[in-house]
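Structural overview
These are the residues of each chain, in order.
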Amino acid sequence: MADTQQVDETADVKQAAKAERRATRLAKQISAFAGQHGGAEGQIAYIGERGARIVLVGEDGGWGDLVAPSVAVAELAVGKAGITVHETFDGEFAAKVKTGPYEWTRMAGIQVGGPKNG
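Okay, so let's go over this structure. Only a predicted model underlies this, so the values are computations on that prediction, with no experimental measurement involved. As a convention, each chain's residues are numbered from 1 in the sequence order in which they are written. In keeping with the predicted nature of the model, local features appear solely for residues at pLDDT of at least 70, side-chain atom pairs appear and are counted solely at 80 or more, and the whole-chain, interface and lining totals rest on all residues. Computation of side-chain values covers all heavy atoms of the structure but excludes hydrogens and water.

**A closer look at the sheet that holds strand S1 (residues 40-46)**
For the record, the criterion: Any two strands with at least two DSSP bridges between them are considered paired. Numbering of helices and strands runs from the N terminus, with a helix taken as a DSSP run of H or I at least four residues long and a strand as a DSSP run of E at least two residues long. Angles here are taken between N-to-C directions and fall from 0 to 180 degrees, while the axes themselves are lines fitted to C-alpha atoms, restricted in helices to the stretch in contact.
Taken in spatial order, the four strands make up an open sheet running S3-S2-S1-S4, and their pairing is mixed. Strands at the two margins of the open sheet, each flanked by one partner only, are strand S3 (63-68) and strand S4 (84-86). On average, each strand axis in the sheet is inclined to that of its neighbour by 30°, with strand direction left out of account. Across three bridges, the pairing between S1 and S4 is parallel. What sits directly across from Gly 42, in S4, is Val 85.

**As for the side chain of Gln 43**
Formally: The buried label applies to any residue whose accessible area, calculated with a 1.4 Å probe on protein chains only, is under 20% of its type's maximum; exposed applies above 50%, and partly exposed to all values in between. For the purposes of these results, a polar contact is taken to be a pair of N or O atoms within 3.5 Å, where, inside protein, one atom must be able to donate a hydrogen and its partner to accept one; residues adjacent in sequence count only when each atom of the pair is a side-chain atom. By definition in these notes, contact holds between two residues if any of their heavy atoms fall within 4.5 Å.
Examined against the element boundaries, Gln 43 turns out to sit in strand S1. Look at Gln 43 and you get buried, because its relative accessible area is 10%. In this structure the side chain of Gln 43 is engaged in a polar contact, spanning 3.4 Å, whose partner is the backbone oxygen of Glu 87. Residue contacts for Gln 43: discarding those within four places in its chain leaves Arg 53, Ile 54, Val 55, Val 85, His 86, Glu 87, Thr 88, Phe 89 and Phe 93.

So, to be careful, I would describe these as geometric facts and stop short of saying anything about function.
Have a look at this one:
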């Protein structure tokens, strides 16, 4: 039994180290985004087996997202990056997003009379 416990502990340590490295890489990407957009705020959303989506909104209205393997890694990444994290994507936070012709065409163009995609 002791042998099995040792293997489990080693696997747990390796998995924790991998999660830490992934969070550090994501934090660098978040910080780079914030630097390009005059600062940033974010929101974490669980997306099932795939992990968690980190939605970023810059002070200039630019936006983007990243995917983390889990909510825990996403939370660690935004903590390392030092950005404000919102519980939901609504209200004043959502109003900061600036969209342009590309977004309207891709997301809602057909419904509001924009050019057809395809």
